[in-house]
Amino acid sequence: MTKPIFIYLVLFFCLACAKKQTDTTEEPTQKEYSSTGGPTFGIVIHGGAGTILKKNMTDSLEAAYKEVLTKAIKTGHEILANGGSSLDAVRKTINVMEDSPLFNSGKGAVFTHEGKNELDASIMDGATLNAGAIAGVTTVKNPIDLAYEVMVNSEHVMLSGKGAEDFATRQGLEIVDPSYFYTKKRYRSLQRILEQEKTELDPDGGTAFVDPYIKDQKFGTVGCVALDKNGNLAAGTSTGGMTNKRWNRIGDSPIIGSGTYANNATCGVSSTGWGEYFIRGQVAHDISAQMEYAGKTLAQATHNVIQEKLTKMGGTGGVVSMDHDGNVSMEFNTEGMYRAHMDAQGKLTLGIYKENE
Ligand code: ASP
């Protein structure tokens, strides 16, 4: 073979290889497409976990929960279907639940020991690993929007208390009087727990610690994970924390890696439950890490973290999560968890109790 022919052959071979490589990165795998032919997307939400039993639920209350869950998930789904971002879907979906008195977030938040409402929230962008969080705010109508503002319009990840509220005003967010958050139901829960504290004296005559989660095991925090048509995952969580909390206690919901986590390489997670355990277990990040480092599927990782590790520690609660292919896991170790999932085709799966109903 003459030299020029040999060079041509080598060049042709190299070009063919380069073309093949471009093809494989551009051609999506079957998994990346929904059955309708468009890129896949999806959304999953929770409205808290806990001792949620069918026998304690009235038909009308159950219907009310289902109505708000459906309204919330449809809001996010529509954004995603129209090509909107997962971050936008997460925020707007959570706004619907924050505005409902049924959930322990925004309107409907639980009361502190002193009879106040202190709100926590966080959001994370799986594409950039940017995150924003706020804790202990008392006047911001939609805490998830403030977490978002922290993420995109400040150089910080987490703001708290008065400073966070000043930042909210500066960003033009809706500020309300703290009395906006009052609901009779949550105030009664606080009164019940305070009564128990008074009557349950320890043998030495002091006041026994009354664990609010043992006496009133319902976690009404709300959360959302979404995957948009560009393959970007986002997750967010918003809460009033736990009834009877004091000393400016902050739970897992505004802690990135505990209450919220999102990474396009793995999954998005939003948690609800006994926050102290979720912080110590780094629950949301652990799920992502098990996928990243141990090659586990989302289902395997969530099962291990919730049913094995968290349960062994004594923690209770659950997560909703979605991976970069749109697979979903709604794992919890309590009697129930308000939850819903909607896939790219608009198929809705809604559940409250352990058995899916
Ligand atoms: N995880 C929240 C907290 O500990 C409570 C909840 O999920 O309802 O603050």
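Before reading on, note that the structure itself is shown above.
Since this is a predicted model, take the numbers as computed values, not measurements.

Colleague: Is there a simple way to explain the site of the ligand in this structure?
Modeller: Lining the immediate environment of the ligand, one finds 13 residues, of which Thr221, Arg249, Asp252, Thr272 and Gly273 sit closest. Asp252 has a polar side-chain atom sitting 2.6 Å from a nitrogen atom of the ligand. Between the ligand and the protein, one listed contact pairs a nitrogen atom with a backbone N or O atom of Gly273 at 2.7 Å. Bound to the protein, the ligand loses 100% of the 270 Å² it would expose on its own. In the shell around the ligand, the residues fall into 2 nonpolar, 9 polar and 2 charged.

Colleague: How do you make sense of the sheet that holds strand E4 (residues 158–160) when you look at a structure like this?
Modeller: Hydrogen bonds between backbone atoms are what pair the strands of a sheet, whose relative direction is either parallel or antiparallel. The 8 strands are arranged E4-E3-E2-E6-E5-E1-E11-E12 in an open sheet whose pairing can be described as mixed. The two strands at the open ends of the sheet, each matched to only one other strand, are E4 and strand E12 (348–353). Taken over all neighbouring pairs, the strand axes of this sheet differ in orientation by 5 degrees on average, direction set aside. Across 5 bridges, strand E11 (residues 336–343) lies against E12 in antiparallel orientation. Residue Ala340 lies in a different strand from E12, and its bridge partner there is Leu350.

Colleague: Looking at this structure, I do not really get the sheet that holds strand E8 (residues 267–273). What am I missing?
Modeller: Taken together, 4 strands build an open sheet; the order of strands is E7-E8-E9-E10 and the sheet is antiparallel. Looking at which strands have only one partner, the edges of the open sheet turn out to be strand E7 (260–262) and strand E10 (328–332). With direction set aside, neighbouring strand axes in the sheet form an average angle of 10 degrees. Across 5 bridges, the pairing between strand E9 (residues 317–323) and E10 is antiparallel. Residue pairing for E10: Ser321 is matched across the bridge by Ser329. Each of E7, E8 and E9 touches helix H9 (residues 283–294); the most contacted strand, E8, lies at about 145 degrees to it.

Colleague: Just checking my understanding: could you explain the nonpolar core for this structure?
Modeller: The tendency in soluble globular proteins is for nonpolar side chains to be buried side by side. Core analysis: the largest hydrophobic core is formed by 51 residues, its most contacted members being Ile45, Phe103, Ile123, Ile134 and Leu146. Per-element tally for this core: the top contributor is helix H2 (residues 59–81), with 7 residues. Among all residues touching Ile45, those that are not within four sequence positions of it are Leu69, Ala72, Ile73, Thr93, Met97, Gly223, Cys224, Val320, Tyr338, Arg339 and Ala340. Counting residues in each nonpolar core, the second largest holds 30 residues, with Val44, Val225, Leu227 and Tyr277 among its members.

Colleague: Explain the packing of H2 against helix H3 (residues 86–98) to me, please; I cannot follow it from the model alone.
Modeller: Two quantities define a packed helix pair, namely the angle between the helix axes and the distance between the axes. Where H2 contacts H3, the axes come no closer than 8 Å and their chain directions differ by 160 degrees. In terms of axis orientation, H2 runs roughly antiparallel to H3. For the pair H2 and H3, the crossing hand works out as right-handed. Here Val68, Leu69, Lys71, Ala72, Ile73, Thr75, Gly76, Ile79 and Leu80 of H2 come into contact with H3, specifically with Ser86, Asp88, Ala89, Lys92, Thr93, Val96 and Met97. Considering only residue class, the contact of H2 with H3 consists of 9 nonpolar, 4 polar and 3 charged.

Basis of the calculations
Sequence order as written defines residue numbering, which begins from 1 separately in each chain. Totals for whole chains, interfaces and linings use every residue, but because this is a predicted model, local features are given only for residues with pLDDT of at least 70 and side-chain atom pairs only at 80 or more, for both listing and counting. Only hydrogens and water are set aside when side-chain values are computed; all heavy atoms of the structure are taken into account. We define proximity as follows: a residue is near a molecule or strand when any one of its heavy atoms falls within 4 Å of that partner. Think of a polar contact as two N or O atoms within 3.5 Å of one another; within protein, one of them needs to be a possible hydrogen donor and the other a possible acceptor, and neighboring residues in sequence only count if both atoms come from side chains. Each accessible area is a Shrake-Rupley result for a 1.4 Å probe, and residues are judged covered by the shown protein chains and nothing else. In this count, Pro and Cys sit with the nonpolar residues alongside Ala, Val, Leu, Ile, Met, Phe, Trp and Tyr, while Asp, Glu, Lys and Arg are called charged and the others, Gly among them, polar. DSSP calls a pair of strands paired once it identifies at least 2 bridges connecting them. Only DSSP runs of H or I reaching four residues or more are called helices, and only runs of E reaching two or more are called strands; each is numbered from the N terminus. Structural elements are reduced to axes, namely lines fitted to C-alpha atoms, with helices fitted over the stretch in contact, and the angle between N-to-C directions of any two is expressed from 0 to 180 degrees. Contacts were defined at the residue level, with two residues in contact if any of their heavy atoms lie within 4.5 Å. Think of a nonpolar core as a cluster: buried Ala, Val, Leu, Ile, Met, Phe, Trp, Tyr and Cys residues, connected wherever their side-chain atoms sit within 4.5 Å. A 1.4 Å probe rolled over the protein chains alone gives each residue an accessible area, and that area as a share of the maximum for its type sets the label: buried under 20%, exposed over 50%, partly exposed in between. Here the angle decides the label: under 35 degrees means roughly parallel, over 145 means roughly antiparallel, 65 to 115 means roughly perpendicular, and every other value means oblique. In a left-handed crossing the near helix is turned counterclockwise from the far helix by less than a right angle, and in a right-handed crossing that turn is clockwise.

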